[in-house]
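One letter stands for each residue in the lines below.
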Amino acid sequence: DFSQELNLRTTCSYRVGPGRMDPHHAAVDTELPENVTKSSGSNRLTLWLLYAVCLVEGADTQLLPSTFRALEAGLGLTPQDLATLAMCQAAAACIAAPLFGILVDK
């Protein structure tokens, strides 16, 4: 289970000796139980694809604000029109995100 693996990877134990705990000398416990497998190559590929999608989405989010001056000069839009356009883009993203999240979880 991915959530179990994630919880195991993020926990740290503070072991200094048998049965003794010392928070000043932390040792990260990297051993996983036998029922949890390590990440396979396909999981890494999926993670890198997710990084690529996030990179493109972040660049897409910046396209509208970077063209404001051209939209203002070329189409005669006012700053208030441009702000409304940016707000509509953000609102559409906020509305669509939960819907796509539900689709992904199915």
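From a predicted model like this one, the values you see are computed outputs, not experimental measurements.

A closer look at the pattern of salt bridges
Okay, step 1: What the rule picks out here adds up to one salt bridge.
Okay, step 2: Glutamate 72 is paired through a salt bridge with arginine 69; the nearest N and O atoms lie 3.7 Å apart. Of this pair, glutamate 72 and arginine 69 both sit in helix α3 (residues 68–75), three residues apart, which is roughly one turn of that helix.
Okay, step 3: A residue is classified by how much of its surface remains accessible, and glutamate 72, at 28% relative accessible area, is partly exposed.
Okay, step 4: When its relative accessible area of 58% is taken as the criterion, arginine 69 is described as exposed.

Some remarks on the packing of aromatic side chains
The description of two aromatic rings rests on the distance between their centres and on the angle between their planes.
Okay, step 1: Taken as a whole and assessed by the stated rule, the structure comprises one aromatic pair.
Okay, step 2: Geometrically, the ring pair formed by tryptophan 48 and tyrosine 51 is edge-to-face, given 5.1 Å between the ring centres and 85° between the ring planes. With tryptophan 48 and tyrosine 51 both in helix α2 (residues 41–66) and three residues apart, the pair spans about one turn of that helix.
Okay, step 3: Residue class for tryptophan 48 comes out exposed when judged on its relative accessible area of 59%.
Okay, step 4: The class for tyrosine 51 is partly exposed, based on a relative accessible area of 44%.

Rules used throughout
Residues numbered from 1 in each chain as written. Predicted model: local features only at pLDDT ≥ 70, side-chain atom pairs only at ≥ 80, totals over all residues. Heavy atoms only, no water. Salt bridge = Lys/Arg side-chain N within 4 Å of Asp/Glu carboxyl O. Helix = DSSP H or I, 4+ residues; strand = E, 2+ residues; numbered from the N terminus. Buried < 20%, exposed > 50% of the residue type's maximum accessible area, 1.4 Å probe, protein only. Phe/Tyr/Trp six-rings, centres within 6.5 Å; stacked < 30°, edge-to-face > 60°.

Structural measurements only, silent on function.
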